[in-house]
Amino acid sequence: MKLDFERSTHRVALVCVVVAWAVAAHYTTAVVETSSWGALLGIAPFAFVAATFAWHSPLRTALLALLAFAALGLALLWPTLARNVGWMYFIQHVGTNALLGIAFGRTLVGGREPMCTRVAALIHGAPGPLLAGYTRGVTIAWTLFFGLMTTASVALFAFGPLDVWSAFANLLTFPLVALMFAGEYAVRLRVLPPEERSGILDAVRAYWQPPANPALAASRGTPATRPAQR
């Protein structure tokens, strides 16, 4: 009971942080002409991800040094960044959605395993024909979603008012992603049998829990768990 309450509290806190960030990003993009806070808000999430990756990388020293040089470059360019917050958010929004679209789409060609099929395999092992076909369709859907998000962002930024683009990019992106997840979940309930239904949290848990299957462990680069000895 206490654990469930703590998880719920953490999720609510995370949602509040995301909403506050989105509102602040929209304000500094659409309302304020020059904003150091807006530039900091735009850079902070990517800097955090880059620093976390560098810290856990085998090349920690080299990557942290590279980040230090990047921080120096940002400091030198800070006045320019503060005057062009809209462009900075635009590049981030388009770049993120385009890269996600490419990441999903490239797994659909060249005989590769679709990304969502790979995620399902972490949970269920080798997927059957029904699950494989469904997860391929989900991969296609996410590829199209990110492609449409990229196209809409470019069109609104190029031909529409900045405040309209900012509302789309900063305020509507997360709700649209949540709506996509909800729609996919509703379809999943209708198409797949109960034993083959799973969510993204199940995939995360399956990834971090070492598999007992040596072949699956080798494919993920993690050691297989050994059965307990009696």
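Just above, that's the structure.
Residues numbered from 1 in each chain as written. Predicted model: local features only at pLDDT ≥ 70, side-chain atom pairs only at ≥ 80, totals over all residues. Heavy atoms only, no water.

**Section: the packing of helix α7 (residues 129-159) against helix α8 (residues 162-191)**
When two helices pack together, their arrangement is captured by the angle between the axes and the distance separating the axes. We apply this condition: To obtain an axis, a line is fitted to C-alpha atoms, over the contacting stretch when the element is a helix, and the angle between two such axes runs from 0 to 180 degrees between their N-to-C directions. Helix and strand assignments follow DSSP, with helices taken as H or I runs no shorter than four residues and strands as E runs no shorter than two, numbered in order from the N terminus. When describing relative orientation, an angle under 35 degrees is termed roughly parallel and one over 145 degrees roughly antiparallel, while 65 to 115 degrees is termed roughly perpendicular and anything else oblique. Two helices cross in a left-handed way if the nearer one is turned anticlockwise from the farther one by less than a right angle. They cross in a right-handed way if the turn is clockwise. When residues are grouped by polarity, Ala, Val, Leu, Ile, Met, Phe, Trp, Tyr, Cys and Pro land in nonpolar, Asp, Glu, Lys and Arg in charged, and all others, Gly among them, in polar.
Put simply, α7 and α8 touch, their axes get as near as 11 Å, and they point 170 degrees apart. Considering the angle they form, α7 stands roughly antiparallel to α8. Judged by the twist between their axes, the crossing of α7 over α8 is right-handed. Looking at side-chain class alone, the contact of α7 with α8 contains 20 nonpolar, two polar and two charged residues.

**Details of the packing of aromatic side chains**
We count it as follows: For Phe, Tyr and Trp, where Trp contributes only its six-membered ring, two rings pair if their centres lie within 6.5 Å, and the inter-plane angle classes them as stacked under 30 degrees, edge-to-face over 60, or tilted in between. Criterion for a charge above a ring: Lys NZ or Arg CZ within 6 Å of the ring centre, and within 35 degrees of the ring normal.
Across all of its chains, the model carries 11 aromatic pairs by this definition. Judged by centre distance (4.9 Å) and plane angle (55 degrees), the ring pair of Trp142 and Phe181 falls under tilted. Of this pair, Trp142 sits in helix α7 while Phe181 sits in helix α8; the two residues are 39 residues apart in sequence, bridging distant segments of the chain. Every member of this aromatic cluster is reached through a ring pair, and the members are Phe104, Trp142, Phe145, Phe146 and Phe181. Arg60 extends its terminal NZ or CZ atom over the ring of Trp55, reaching a point 4.1 Å from the ring centre.

**Here we look at the nonpolar core**
The nonpolar side chains of soluble globular proteins are, as a tendency, buried together. So the rule is basically this: We define the nonpolar core as a collection of buried residues of types Ala, Val, Leu, Ile, Met, Phe, Trp, Tyr and Cys that are connected through side-chain atoms lying within 4.5 Å of one another. Burial status follows relative accessibility: with a 1.4 Å probe on protein chains alone, a residue under 20% of its type maximum counts as buried, one over 50% as exposed, and anything between as partly exposed. In what follows, a contact means two residues having at least one pair of non-hydrogen atoms within 4.5 Å.
Within the largest apolar cluster, 12 residues are counted, these being Phe104, Cys116, Ala120, Leu131, Tyr134, Val138, Trp142, Phe145, Phe146, Met149, Phe168 and Leu192. Broken down by secondary-structure element, the contributors of at least two residues to this core are α6 (115-124) and α7. Broken down by element, the residue count for this core peaks at seven residues, all from α7. Ignoring any residue separated from it by four or fewer positions in sequence, one finds Leu192 in contact with Leu130, Leu131, Tyr134 and Arg197.

**Regarding the pattern of salt bridges**
Our working rule: Within this document, salt bridges are pairs made up of a side-chain nitrogen of Lys or Arg and a carboxyl oxygen of Asp or Glu, the two lying within 4 Å of each other.
Counting across every chain of the model gives one salt bridge. Here Arg188 ties to Glu184 by a salt bridge, and the two come within 2.5 Å at their closest N and O atoms. Placement of both Arg188 and Glu184 in helix α8 is noted, with a separation of four residues, approximately one turn of the helix. For the pair formed by Arg188 and Glu184, the shared burial category is buried.

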